[in-house]
Amino acid sequence: MFYSGRKYISAITAGLAVASKFSVVPVVAGLWLTLVIRERGFKNSILYLLLAFATYLSTYLVDLRLGLDAILRHHVEMYTYMSWRHGFSPVIAILGFTKLFFRIEAWRYIGEYTFLVSTSNGFLEVVNTKFTPLNKWYIVFYAGGGSPLWHILFPSLLYATYLVLTRKASSRLGDTVFLSWLSLLNVVAGTLDWYYVNTLPFLYTTLVVLVYQVAPSRFKWIVTALVIVHFTSFILTLLGVIPFKTLVAT
């Protein structure tokens, strides 16, 4: 909707997207900056931002029943939790990118939790827990988790970035490259699957737009081949021919 000219409808959907998952913020910021650059001014871009922000806040109106400051307290508590639950770690960030581009995770400090549970008055109660550290490396390869096309997404992004920097890229490719790099901020938080939902669509879009620019006459054939590879891998994973993931302990 943003690129079709319906900016304000895009602003509403952007606000709803942020309300659904706050990690969308980098991409929304990218759309806003794109609007600033394209229109060479802040009038429409400010309206876009205000509409997106108002839409976002509208999803929290029920908090007003708890008091005028409830929305503020809600966000403070949310950000406090997020900073603890998803605090930055270089190792976690590296793992996020290795899973994205190579479908591999490697864990060193792991262990096993043992829970002792009893029943009391019809309720389950955890009596004791025990953590047993394991002195092993665990390497996880997601053979069927994600498309094999993931391996060409980063090289494609790098080449597309080169075209942008050398001013050989179309404006559409420049937009997708910009949003792709911003979307990578989601992966810094680690390897949870839903982090990639806000990243992969932009990387795939960059790949497709790059193919169209580099080989427009063969675009349909190349994209058809990519789609066949993608869905073949998906079907083989569903059938159990390709394991979803392979765990290796060393």
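Cut-offs and rules
- The numbers attached to residues start from 1 for each chain and follow its sequence in the written order.
- With the structure being a predicted model, the display of local features is reserved for residues of pLDDT at least 70 and the display and counting of side-chain atom pairs for 80 or more, all residues being used for whole-chain, interface and lining totals.
- In computing side-chain properties, one takes all heavy atoms of the structure into account and sets aside hydrogens as well as water.
- A pair of aromatic rings is counted whenever rings of Phe, Tyr or Trp (Trp by its six-membered ring) have centres within 6.5 Å, and the orientation is called stacked for planes under 30 degrees apart, edge-to-face for over 60 and tilted otherwise.
- The helix count covers DSSP runs of H or I at least four residues long, the strand count covers runs of E at least two residues long, and both are numbered beginning at the N terminus.
- Partly exposed residues are those whose accessible area sits between 20% and 50% of the maximum for their type, while under 20% is buried and over 50% is exposed, using a 1.4 Å probe and protein chains only.
- Comment: axis = line fitted to C-alpha atoms, over the contacting stretch for helices; angle = value between 0 and 180 degrees taken between N-to-C directions.
- An angle counts as roughly parallel when it lies under 35 degrees, as roughly antiparallel when it exceeds 145, as roughly perpendicular when it falls between 65 and 115, and as oblique in every other case.
- Two helices that cross are described as forming a left-handed crossing if the nearer one is turned anticlockwise from the farther one by less than a right angle, and a right-handed crossing if clockwise.
- In this analysis, two residues are considered to be in contact whenever any of their non-hydrogen atoms come within 4.5 Å of each other.
- Here a patch means residues that are over 30% exposed by relative accessible area and free of salt bridges, tied together within 9 Å if like-charged and within 5 Å if nonpolar (Val, Leu, Ile, Met, Phe, Trp, Tyr).
- All accessibility values rest on the Shrake-Rupley procedure with a 1.4 Å probe; residue burial counts only the protein chains present in the view.
- Salt bridges are defined as contacts in which a side-chain nitrogen from Lys or Arg sits within 4 Å of a carboxyl oxygen from Asp or Glu.
- Contacts described as polar in this section are N or O atom pairs within 3.5 Å, which, within protein, must combine one atom able to donate a hydrogen with one able to accept it, while residues neighboring in sequence count only if both atoms come from side chains.

> Explain the packing of aromatic side chains here, please?
Given two aromatic rings, their pairing is described by the distance between the two centres and the angle made by the two planes. For the structure shown, the criterion picks out nine aromatic pairs. Ring geometry for Phe-154 against Trp-181: centres 6.3 Å apart, planes inclined by 75°, an arrangement best described as edge-to-face. Remark: Trp-181 occurs in helix α7 (residues 171-183) and Phe-154 occurs in helix α6 (residues 150-165); sequence separation between them is 27 residues. The partly exposed category is assigned to Phe-154, whose relative accessible area is 27%. Taking relative accessible area as the criterion, Trp-181 reaches 34% and is therefore assigned partly exposed. An angle of 90° between the planes, with centres 5.2 Å apart, marks the rings of Tyr-212 and Phe-219 as edge-to-face. In this structure an aromatic cluster arises from ring pairing among Phe-97, Phe-101, Phe-154 and Trp-181.

> Looking at this structure, I do not really get the packing of α6 against α7. What am I missing?
The angle between the axes and the distance between the axes are what describe a pair of packed helices. Two elements in contact, α6 and α7, have axes whose closest approach is 10 Å; the angle formed by their N-to-C orientations is 125°. In terms of orientation, α6 and α7 fall into the oblique class. Once α6 is placed against α7, the crossing between them reads as left-handed. For the pair formed by α6 and α7, the contact residues are Phe-154, Leu-157, Leu-158, Ala-160, Thr-161, Leu-163 and Val-164 on the first element and Leu-173, Gly-174, Val-177, Ser-180 and Trp-181 on the second.

> What am I meant to see in a nonpolar patch on the surface here?
On the surface, Val-227, Phe-231, Phe-234, Ile-235, Leu-238, Leu-239 and Val-241 cluster together into a nonpolar patch covering about 730 Å² of accessible area. Here Ile-235 is to be found in helix α9 (residues 219-238).

> I would appreciate a short explanation of unusual backbone geometry in the present structure.
Backbone geometry follows two general trends: most residues other than glycine have a negative phi, and most peptide bonds adopt the trans configuration. Of note in the backbone geometry, Arg-103 takes a positive phi value of approximately 60° without being a glycine. By the secondary structure assignment, Arg-103 is in the loop between α5 (90-102) and β1 (104-107). For Arg-167, which is not a glycine, the phi torsion comes out positive at approximately 60°.

> Quick question: what am I supposed to make of the environment of Lys-99 here?
Tracing the backbone shows Lys-99 in helix α5. Judged by relative accessible area, which is 5%, Lys-99 ranks as buried. The spacing of Lys-99 and Tyr-212 is 113 residues in sequence and 27 Å in space, taken between C-alpha atoms. Setting aside residues up to four positions removed in sequence, Lys-99 forms contacts with Ile-104, Glu-105, Tyr-142, Trp-150, Thr-191, Asp-193 and Tyr-196. In this structure the side chain of Lys-99 is engaged in a polar contact, spanning 2.6 Å, whose partner is the side chain of Asp-193.

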